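Okay, here's what each chain looks like letter by letter:
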Amino acid sequence: MSIFDDPLDSARKLTTGCSCGRHASQIEHDHEAQLQLRNAIADSEDKRYESVVASAVMRAMFPRDVARRTFLKSVGASTALAALSQFFPLRAATDAFAQSSAIEKKDLKVGFIPITCATPIIMAHPMGFYSKHGLNVDVIKTAGWAVVRDKTINKEYDAAHMLSPMPIAITLGAGSQPIPYTMPAVENINGQAITLAIKHKDRRDPKSWKGFKFAVPFDYSMHNYLLRYYVAEHGIDPDQDIQIRAIPPPEMVANLRADNIDGFLAPDPVNQRAVYDGVGFIHILSKDIWDRHPCCAFAASKEFVTEAPNTYAALLKAIIDATAFATKPENRKQIAEAIAPANYLNQPVTVVEQVLTGTFADGLGKVQKVPDRIDFDPFPWQSFAVWIMTQMKRWGQIKGDVDYAKVAQDVYLATDTAKLMKELGLAPPSTTSKSFVVMGKTFDPAKPEDYIKSFAIKKAA
């Protein structure tokens, strides 16, 4: 509205239609805000590309770090950049680098299962992490893991939220035709539990579980391997003494309520929803079986990674960025509100919040406080992959000789993840493998066959 408009004219508004008061309508306000955002993103990308090019030139001119630091201390960063620009066409090189880094495909489809393990993949949509990295991603809720696998293999999805063993199983041809697959990022660590039906409150000793029927989300899942590991350590043969069946996570609570199963080792928020509905109690968190174990993952075919490397890099950066945000406890309530709605998890906010904050009712009349009940760390340790393959072989899912180290290196792309973490200002581990402890037993990734032989209960010959 012009300041010269007649204030007594009944056809004129005395206030503008936008929140800041500078535009004739909220539509104009939103349009300018979008333009400013796009320009800001473009400016930040230009600066990032210029920084990468300048860094490469400096490394070429000063191979020895001591000489580079001495030069920068003596002249200052601004003078150094100006000097470089006189002798090297930084602007032209930056433009060429930016062009070579152009995203090949901006519109993507990423499938997910509605569980908190998918938090970074889901929240990256409503909270703007995909758009921040130049992508327009449609995150698609999917019924079960077999559907996710098949839709990704058939290229209906460009990438997907998968269980961390799935890319290994697909690559090895376990349960499907062998197709080279990759897992460049872990979605979450911990975040699972064994939940039992309320009627079993007095049967807490696993030795008393003979004849129980359990559900896991998929045969090739950490849930399956951790449940098998847990009961076997208590003398129960998972193939002889109990039944284990695959049930999609959204159907688990209903099956528990209908008395079709006695319990499940499931991803959250399934465990907390069973407590919320009064049909189950949390027997043990998976972190108490193996603390900081991998659960779900961001996965894509080797073909996608190699044919659209810049798209892949942008998508992985968005996931890593979202994961870093999710790691901070102070952000968990905000994330719970963002991912609880029907188009994502379709859960009460309080259920999701109890999982993400780690302050939760256990179904036994107590409120537990376990801040790392679920946590988020994107680094795909290759020793995780080796452990998973030992369990696949232990239970007869794969047979014969396995080149553990090579498969782990080909599928769990730790080097790619480390590089992109550095670009985002994060500090990746300096190695790609580590030992860890599962139920008191140390796993050495250099001796996988010895590890398999050490178990008294196994299907492997």
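Please refer to the structure placed before this passage.
Residues numbered from 1 in each chain as written. Predicted model: local features only at pLDDT ≥ 70, side-chain atom pairs only at ≥ 80, totals over all residues. Heavy atoms only, no water.

### A closer look at the sheet that holds strand β11 (residues 296-301)
- Read from one edge of the open sheet, five strands run β2-β1-β3-β11-β4, paired in mixed fashion. The outermost strands of the open sheet, each flanked by one partner alone, are β2 (136-141) and β4 (181-186). Averaged over all neighbouring strand pairs, the angle between strand axes comes to 30 degrees, with direction disregarded.
- Here four bridges tie strand β3 (residues 159-163) to β11, and the two strands are oriented antiparallel to one another. The residue of β11 that forms the bridge with leucine 163 is cysteine 296.
- Strands β3, β4 and β11 of the sheet are contacted by helix α7 (residues 145-153), whose axis makes an angle of about 145 degrees with β3. (Pairing = 2+ DSSP bridges. Helix = DSSP H or I, 4+ residues; strand = E, 2+ residues; numbered from the N terminus. Axes fitted to C-alpha atoms, helices over the stretch in contact; angles between N-to-C directions. Contact = heavy atoms within 4.5 Å.)

### Quick word on the sheet that holds strand β6 (residues 192-197)
- Here five strands make up an open sheet; going across it, the order is β8-β7-β9-β6-β10 and the pairing mixed. Each of the sheet's edge strands pairs with one partner strand only, and the pair in question is β8 (243-246) and β10 (280-285). Shown here is a sheet whose adjacent strand axes are inclined to one another by a mean of 25 degrees, direction ignored.
- Examined bridge by bridge, strand β7 (residues 213-216) and β8 share four bridges and lie parallel to one another.

### Considering the nonpolar core
- Within the largest apolar cluster, 115 residues are counted, with the highest numbers of intra-cluster contacts made by Tyr130, Ile194, Trp387 and Met392.
- Looking at which element gives the most residues to this core, the answer is helix α13 (residues 309-327), with ten residues.
- Ignoring any residue separated from it by four or fewer positions in sequence, one finds isoleucine 194 in contact with Trp209, Phe214, Leu227, Tyr230, Phe264, Leu265, Phe281, Ile282, His283, Ile284 and Ile289.
- Counting twelve residues, the second largest nonpolar core, distinct from the first, contains Ala215, Val253, Ala266 and Val279. (Core = buried A, V, L, I, M, F, W, Y, C linked by side-chain atoms within 4.5 Å. Buried < 20%, exposed > 50% of the residue type's maximum accessible area, 1.4 Å probe, protein only.)

### A look at the packing of aromatic side chains
- A full pass over the atoms with the stated rule returns 16 aromatic pairs.
- A ring pair is formed by tyrosine 229 and tryptophan 387, whose centres lie 6.1 Å apart and whose planes are at 35 degrees; its orientation type is tilted. In this pair, tyrosine 229 is assigned in helix α9 (residues 222-233) and tryptophan 387 in helix α16 (residues 382-394), connecting sequence segments 158 residues apart. There is no split in this pair, since tyrosine 229 and tryptophan 387 are both buried.
- Put simply, the rings of Tyr229, Trp290, Phe384, Trp387, Phe436, Phe443, Tyr451 and Phe455 touch in pairs and so form one group of aromatic residues. (Phe/Tyr/Trp six-rings, centres within 6.5 Å; stacked < 30°, edge-to-face > 60°.)

### Observations regarding the environment of histidine 223
- Tracing the backbone through its elements, the reader meets histidine 223 in helix α9.
- On the basis of relative accessible area, histidine 223 is assigned to the buried category, the value being 0%.
- Put simply, histidine 223 and cysteine 295 are 72 residues apart on the chain and 8.0 Å apart in space, counted from C-alpha to C-alpha.
- In contact with histidine 223, other than residues within four places in its own chain, are Leu163, Gln192, Val216, Pro217, Leu265, Ala266, Pro267 and Cys295.

### Structural notes on unusual backbone geometry
- The linkage connecting aspartate 268 with the following residue, proline 269, adopts the cis geometry, with an omega of 15 degrees.
- Even without a glycine there, the phi angle at lysine 155 is positive, about 70 degrees.
- Mapped onto the fold, lysine 155 is located in the loop between α7 and β3.
- Take lysine 155: its relative accessible area is 55%, and that puts it in the exposed class.
- Even without being a glycine, asparagine 346 presents a positive backbone phi close to 60 degrees.
- Along the chain, the position of asparagine 346 falls in the loop between α14 (332-339) and α15 (349-357).
- Taking relative accessible area as the criterion, asparagine 346 reaches 48% and is therefore assigned partly exposed.

Any link to function would need more than the numbers given here.
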